[in-house]
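Listed below are the residues making up each chain.
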Amino acid sequence: MSDEAVQARSVNTIVNRAGKLIGETTDGRGFLADLEERAPSVRPGDPVLLIGAGGAARAVALALVRHGYDQLYIANRTIDKGRALADVLRGVFPGASCRITGLAKDELHQALAACRLTVYCLTVDPEPVAAVLKDPALPLAGKVFYDLRYNPAVSDTAALFRSRGGVVINGRGMLYHQAVFAFELFTGQKAPAEEMLAAYRKKQEKED
């Protein structure tokens, strides 16, 4: 396994190199490439809120800290799971600053207010999160909400964030960039990115 796959504890691409199978992950790289492309206002050093602490959150968090986003808030229903993710990050990047919170209104309100970027790593839309996003005292205008999900294109939580003036990004771009990185790992050649993007957009238009 590559170092990145070991750290993320995840493999989604297997490459045959001279008869040896190597496990790679494109999750973190795909996310970061899409973030840089679609949210240029977000810069390394900006504090980031992760909602969720599962496998997807781990890959994203590692990619963020690796590229200079070293101030993270981790919000999760189960506090121990959030702490476990923080331990993984600090084990790889000792300088990472991780603040663990639950999904209680006051805690989540404070984290959302402090962070320019929120990365949503849950597969559901829990009511406690919606309740905080509806709070008129919470400033969201201009903040970025990156929802790792891509179907539907706009989830209920993302729609609520957008209604408050926030910028919403779904996970479709991440999926595309993951495919680009996988192509290059498989072939050792530069991916035909424009052709891949055109084909992907055509497929999404049919599905939408």
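Please refer to the structure placed before this passage.
Residues numbered from 1 in each chain as written. Predicted model: local features only at pLDDT ≥ 70, side-chain atom pairs only at ≥ 80, totals over all residues. Heavy atoms only, no water.

J.: Looking at this structure, I do not really get empty space enclosed by the protein. What am I missing?
T.: Leftover empty space is mapped by rolling, across the atoms, a probe with the size of a water molecule. This structure, assessed with the given rule, holds one cavity of 30 Å³ or more. It is helix α3 (residues 55–66) that provides the largest number of residues to the lining of the largest cavity, a total of three residues. When grouped by side-chain class, the residues that make up the lining of the largest cavity number three nonpolar, two polar and two charged. (1 Å grid on protein atoms, 1.4 Å probe; cavity = no way out; pocket = protein on both sides within 12 Å on 5 of 7 lines; lining within 4 Å. Points joined across faces, edges and corners; volume = space filled by probe spheres on them. Helix = DSSP H or I, 4+ residues; strand = E, 2+ residues; numbered from the N terminus. Nonpolar A, V, L, I, M, F, W, Y, C, P; charged D, E, K, R; others polar.)

J.: Before we go on, may I ask you to explain the pattern of salt bridges in this structure?
T.: Note that side chains of opposite charge can pair when their charged atoms are close. This model, assessed by the stated rule, comprises eight salt bridges. Two residues, Arg29 and Glu4, come together in a salt bridge whose shortest N-O distance is 3.2 Å. With a gap of 25 residues between them, Arg29 in helix α2 (residues 27–38) and Glu4 in helix α1 (residues 3–8) connect regions that are remote in the sequence. Given a relative accessible area of 25%, Arg29 falls into the partly exposed group. Glu24 is the salt-bridge partner of Arg17, the closest N and O atoms lying 3.2 Å from each other. Taking the relative accessible area as the measure of exposure, Glu24 reaches 8% and is therefore buried. Among the ionic contacts, a cluster of salt bridges with common partners joins Glu4, Arg17, Glu24 and Arg29. (Salt bridge = Lys/Arg side-chain N within 4 Å of Asp/Glu carboxyl O. Buried < 20%, exposed > 50% of the residue type's maximum accessible area, 1.4 Å probe, protein only.)

J.: Sorry, what's going on with the pairing of strand β6 (residues 117–120) here?
T.: For a regular strand, side-chain orientation follows a simple rule: the groups alternate between the two sheet faces. Every second residue of β6 is oriented toward a common face, with Leu117 and Val119 on one face and Thr118 and Tyr120 on the other, all of them buried. Judged from the four bridges that link them, strand β3 (residues 48–51) and β6 form a sheet pairing that is parallel. By the bridge assignment, Leu50 is partnered in β6 with Val119. Where β6 and strand β7 (residues 144–147) come together, four bridges link them in parallel fashion. Paired with Tyr120 across the two strands is Asp147, which belongs to β7. In the classification by handedness, the crossover that spans β6, the intervening helix α6 (residues 127–133) and the parallel β7 is right-handed. (Pairing = 2+ DSSP bridges. Right-handed = clockwise from strand over helix to strand, strands pointing away.)

J.: Honestly, the nonpolar core in this entry has me stumped. Any pointers?
T.: A general trend in soluble globular proteins is that nonpolar side chains are found buried together. Residues Phe31, Leu35, Leu50, Leu64, Leu89 and Val119 are the most contacted members of the largest nonpolar core, which totals 33 residues. Going through the elements one at a time, α2, β3, α3, β4 (71–75), α4 (79–92), β6 and β7 are the ones with two or more residues in this core. With residues near it in sequence (within four places) discarded, Leu64 still touches Phe31, Leu32, Leu35, Val48, Leu50, Tyr69 and Leu72. In terms of nonpolar packing, the next biggest core, distinct from the first, is built from 22 residues, Ala75, Leu108, Leu133 and Leu138 among them. (Core = buried A, V, L, I, M, F, W, Y, C linked by side-chain atoms within 4.5 Å. Contact = heavy atoms within 4.5 Å.)

J.: Just checking my understanding: could you explain the pairing of strand β1 (residues 13–17) for this structure?
T.: Alignment of β1 against strand β2 (residues 20–24), held across five bridges, turns out to be antiparallel. Among the inter-strand pairings, Arg17 is bridged to a residue of β2, identified as Lys20. Joining the antiparallel neighbours β1 and β2 is a turn of two residues, in which Ala18 adopts a positive phi near 55°.

J.: I tried to follow unusual backbone geometry on my own but got confused; where do I start?
T.: Residue Asn151 is joined to Pro152 through a cis peptide bond whose omega torsion reads 5°. Even without a glycine there, the phi angle at Arg9 is positive, about 55°. Following the sequence through the fold, Arg9 ends up in the loop between α1 and β1. Of note in the backbone geometry, Ala18 takes a positive phi value of approximately 55° without being a glycine. Tracing the backbone shows Ala18 in the loop between β1 and β2.

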